[in-house]
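Tertiary structure, described
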Amino acid sequence: MGMDNMFCFQCEQTAFSKACVKSGVCGKKPDTANLQDRLVGALITLARSDARPDAIADTLIDGLFTTITNVNFDNAPIEKRVENALRLAGAKPFDMRKIWNADEDTRSLKSLILFGLKGMAAYAHHARVLGFRDAEIDAFFKSALASLAEEKTADELLGGVMKVGEMNLRCMELLDRANTQSYGDPVATETTSNIEAGPFIIVSGHDLKDLHELLVQTQHTGVNVYTHGEMLPCHAYPELKKFKNLKGNFGTAWQNQQNEFDGVPAPILFTTNCIMPVKKSYADRVFTCGVVGFPETVHIGENRDFSPVIKKAMELGGYKAPRRMTGINGGCKLSVGYGRKTAVALADKVLQSITEKRLRRIFLVGGCDGAKVGRNYFTEFVKMLPHDTVVLTLACGKYRFNDIDLGFAGPIPRLMDMGQCNDAYSAIAFAAELSKRTGLGLNELPLSLVLSWYEQKAVCVLLTLLYLGIKNIRLGPTLPAFASPKILEILSEKFGIKPITTPENDIRDLLGDYQASISRQHQKV
């Protein structure tokens with residue numbers, strides 16, 4: 001494949017569903033894109049060195065995380081990461097054109113491995129921040145990255161793809177343990193999108209430790225804190241929700257931030273992705289931390305001293321009167337907290353409701369949100385589901401419908417927010433519990449997955465689902481540009497992955513095939 005100003009096709013919104021070659025649809029400039037490629041090449045070289053995995057794991061993980069879509073647009077810290085990786089490796093960076101210019105099937109499979117590793121790196125980073133590490137995961141980052149520079153057969157690469165899914169399951173379990181041991185198991189909680197009068201701070205991203213530290217530093221200042229995007233599930237963690245100044249959730253999903261933050265009288269702290277190019281109207285109040293970066297914004301260091309953010313909140317003063325804000329469907333109540341332990345505790349009620357025919361089918365509808373036309377599919381899909389169905393959701397795709405009151409199916413809430421994208425682990429644990437209690441395989445359960453994707457964390461979650469053998473996933477709004485026709489055909493034949501069509505057609509198909517499995521389940525319950 002020929003190169004232009006840049007080459008990037010790692011996200012769902014890539015130009016013309018092929019690749020960004022002039023500039024990134026995400027706002028990434030060619031020099032930044034090429035620098036991120038150079039960073040990945042340096043990390044591959046480092047992974048091929050004789051360095052011990054534990055000695056270079058932080059460099060590999062944080063470097064990969066830096067290159068995820070909408071994480072870092074600032075060349076200076078990226079250049080420092082390149083220099084550090086090359087210093088440790090003692091060699092030149094691997095030339096990424098060897099991957100991008102390979103035959104399309106090799107490029108496709110190596111891209112699945114690389115993008116899966118990037119997503120997994122985000123989860124490993126968050127776990128490490130909380131003091132949780134895994135030597136096997138560290139070693140895998142080294143060996144998997146090194147394998148990208150090697151000549152491999154298609155079968156060998158397919159094996160590598162599945163191995164990423166396997167190790168990401170281990171990584172999500174590690175992060176689940178890190179989050180719950182640090183802040184408690186999430187409990188069912190209702191919060192609001194309304195904003196109180198007075199100074200406040202908006203916190204976006206995924207990092208629970210950053211939020212906790214900010215809450216500690218603001219708790220006696222009169223400054224309130226509102227989550228944004230994938231920080232919403234934090235309201236359910238006991239050790240976070242105990243802070244009285246954690247008031248609610250600001251706005252909707254990440255792609256709406258340029259409108260929602262326009263002129264907001266409060267600072268915004270980005271702890272991870274997704275940050276978009278910052279508009280001048282709020283550039284003076286944007287702060288970043290961790291691996292996030294954007295030129296000419298204030299970056300908070302590793303000491304997590306958020307006093308500049310708090311000072312800015314007091315200067316801006318917040319809204320002078322309470323402000324009613326809603327989700328995209330007009331609601332202002334948001335329910336969260338159906339993580340692993342809470343969801344598994346509902347297993348008996350779920351199975352009883354199925355046996356009594358009050359609950360017909362469970363749908364997992366979630367994943368990444370985005371700006372591309374067609375994502376209203378997920379809103380309409382959920383609205384059209386019959387009342388004897390339940391929706392599990394996670395990640396920022398929930399914002400398409402999480403402000404809708406779906407009521408109950410018997411004693412079961414019809415909408416259960418399981419958390420952030422990494423909390424796909426909770427959904428897997430819930431499905432495994434139902435499988436254990438019924439004796440049915442995962443694919444025999446009355447459970448359907450309808451997933452939206454955008455960036456590389458969605459890729460690693462998808463690979464984990466495939467590693468577990470889960471079939472008949474509906475995926476949208478479009479299929480990955482980096483997957484070649486042959487690789488898509490293999491995934492379709494082996495796992496039954498299908499692109500979404502219309503809500504009406506997909507609901508008809510998914511509800512129509514449940515009768516056989518449910519009758520078997522009635523016999524075993």
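Residues numbered from 1 in each chain as written. Predicted model: local features only at pLDDT ≥ 70, side-chain atom pairs only at ≥ 80, totals over all residues. Heavy atoms only, no water.

On to the overall build of the chain. Per the secondary structure count, the chain includes 19 helices and 16 strands. Relative to the compact-globule value of 24 Å for 525 residues, the chain shows a C-alpha radius of gyration of 22 Å, a close match. On the principal axes, the C-alpha backbone points of the chain span a range of 65 × 60 × 40 Å. Of all intrachain contacts in the chain linking residues separated by at least 6 positions in sequence, the fraction that spans at least 24 positions is 76%. On the chain, roughly 19,900 Å² of surface is accessible, and the fraction owed to carbon and sulfur atoms is 50%. Between the averaged position of the 62 positive side-chain charges in the chain and that of its 58 negative side-chain charges there is a distance of 2 Å. (Helix = DSSP H or I, 4+ residues; strand = E, 2+ residues; numbered from the N terminus. Rg over C-alpha atoms; globule rule 2.2 N^0.38 Å. Contact = heavy atoms within 4.5 Å. Areas by Shrake-Rupley, 256 points an atom, 1.4 Å probe, with all protein chains shown as cover. Lys, Arg positive; Asp, Glu negative; His and termini not counted. Charge placed at Lys NZ, Arg CZ, Asp CG, Glu CD.)

Turning next to the confidence of the model for the chain. For the chain, mean pLDDT is 95; residues scoring 70 or higher make up 97% of the total. Note on residues 514-525: pLDDT under 50 across the span, and 25 contacts to partners over four residues away in sequence or across chains. (pLDDT = per-residue confidence, 0-100.)

Let us look at unusual backbone geometry. The amide bond that connects Asn273 to the next residue, Cys274, takes the cis arrangement and shows omega of 25°. Note that Cys274 resides in the loop between strand S5 (268-270) and strand S6 (286-289). Of note, the bond from Gly476 into Pro477 is cis; its omega dihedral lies within 30 degrees of zero at 5°. Considering the arrangement of structural elements, one finds Pro477 in the loop between strand S15 (474-476) and helix H17 (485-495). Its identity is not glycine, yet Ser17 carries a phi of approximately 55°, on the positive side.

Of the two faces of S6, the one carrying Val286 and Thr288 and the one carrying Phe287 and Cys289 are both buried. Both S5 and S6 contribute to a ladder of 3 bridges, which runs parallel. Bridge pairing in S6 links Phe270 to Thr288. In this structure, S6 lies alongside strand S7 (residues 298-300), joined through 3 bridges in parallel fashion. In the sheet register, Thr288 faces S7, and the bridge partner there is His299. (Buried < 20%, exposed > 50% of the residue type's maximum accessible area, 1.4 Å probe, protein only. Pairing = 2+ DSSP bridges.)

Per the counting criterion, the structure on display carries 19 aromatic pairs. Cluster of aromatic residues (ring-pair linked, three or more members): Phe200, Tyr226, Phe250, Phe261, Phe270, Tyr282 and Tyr319. (Phe/Tyr/Trp six-rings, centres within 6.5 Å; stacked < 30°, edge-to-face > 60°.)

By way of backbone hydrogen bonds, the strands of a sheet pair with one another, either parallel or antiparallel. Spatial ordering of the open sheet is given by S4-S3-S2-S5-S6-S7, a layout of 6 strands whose pairing is parallel. Two strands close off the open sheet at either side, each with one partner strand: strand S4 (246-249) and S7. For this sheet, the mean angle separating the axes of adjacent strands, direction not counted, is 30°. Here helix H11 (residues 307-316) sits on the sheet in contact with strand S2 (200-204), S6 and S7, set at roughly 130° to S2. (Axes fitted to C-alpha atoms, helices over the stretch in contact; angles between N-to-C directions.)

Next up on the list: the pairing of strand S10 (residues 389-393). Burial of S10 is extensive: 5 of the 5 residues sit out of reach of the surface. The alternating pattern of S10 places Thr389, Val391 and Thr393 on one face and Val390 and Leu392 on the opposite face, and all of these are buried. Taken together, the 4 bridges between strand S9 (residues 361-367) and S10 define a ladder with parallel strand orientation. Note that in S10 the partner of Arg361 across the bridge is Thr389. Considered for its hand, the β-α-β crossover made up of S9, helix H14 (residues 376-384) and S10 is right-handed. Note that S10 and strand S13 (residues 415-417) share 3 bridges and pair parallel. Opposite Thr393, over in S13, you have Asp417 as the bridge partner. (Right-handed = clockwise from strand over helix to strand, strands pointing away.)

What follows concerns the packing of helix H2 (residues 53-66) against helix H6 (residues 135-147). At a minimum axis separation of 9 Å, H2 and H6 run at an interaxial angle of 70°. Relative to H6, H2 is oriented roughly perpendicular. For the element pair H2 and H6, the recorded crossing hand is left-handed. Listed contacts from H6 to Pro53, Ile56, Ala57, Leu60, Ile61 and Leu64 of H2 are Asp138, Ala139, Phe141, Lys142 and Leu145. Here the contact of H2 with H6 is composed, by residue class, of 9 nonpolar, no polar and 2 charged. (Parallel < 35°, antiparallel > 145°, perpendicular 65-115°, else oblique. Left-handed = near helix turned anticlockwise from the far one by under 90°. Nonpolar A, V, L, I, M, F, W, Y, C, P; charged D, E, K, R; others polar.)

Enumeration according to the criterion identifies 29 salt bridges in this entry. A salt bridge links Asp58 to Arg128; the shortest N-O distance between them is 2.8 Å. Taken together, the positions of Asp58 in helix H2 and Arg128 in helix H5 (residues 104-129) put the pair 70 residues apart, joining distant regions of the chain. Its relative accessible area of 35% is what places Asp58 among the partly exposed residues. Close ionic contact of Arg360 with Asp388 constitutes a salt bridge, the shortest N to O distance being 3.1 Å. In this pair, Arg360 sits in the loop between helix H13 (347-355) and S9 while Asp388 sits in the loop between H14 and S10, placing the two residues 28 residues apart along the sequence. (Salt bridge = Lys/Arg side-chain N within 4 Å of Asp/Glu carboxyl O.)

If you trace the backbone, Val286 turns up in strand S6. The sequence separation of Val286 and Gln255 amounts to 31 residues, and the corresponding C-alpha distance is 16 Å. Contacts of Val286, omitting those with residues within four sequence positions, involve Ile268, Phe270, Ile275, Val278, Thr297 and Val298.

Orientation of H2 relative to H5, taken along the N-to-C sense of each, is 115°, at an axis distance of 8 Å. Where H2 crosses over H5, the handedness of that crossing is left-handed. When H2 is examined against H5, the residues Ala57, Asp58, Ile61, Asp62, Leu64 and Phe65 are found in contact with a partner set consisting of Leu114, Leu117, Lys118, Ala121, Ala122, Ala124, His125, His126 and Arg128. Its residues placed into classes, the contact of H2 with H5 shows 9 nonpolar, 2 polar and 4 charged.

The volume enclosed by the largest pocket comes to roughly 620 Å³. Contributing to the lining of the largest pocket are 29 residues, with Arg81, His125, Gly290, Val291 and Glu302 lying nearest its centre. Breaking the lining of the largest pocket down by element, the ones donating at least two residues are H2, helix H3 (75-89), H5, S6 and S7. Of the volumes computed, that of the second largest pocket is approximately 430 Å³. Surrounding the second largest pocket, 38 residues form its lining, Leu451, Ala458, Leu462, Leu465 and Leu475 being those nearest its centre. Contributing elements (two or more residues each) for the lining of the second largest pocket: S9, helix H15 (424-438), strand S14 (447-452), helix H16 (456-467) and H17. Ranked by residue count, the leading element in the lining of the second largest pocket is H16, at 8 residues. (1 Å grid on protein atoms, 1.4 Å probe; cavity = no way out; pocket = protein on both sides within 12 Å on 5 of 7 lines; lining within 4 Å. Points joined across faces, edges and corners; volume = space filled by probe spheres on them.)

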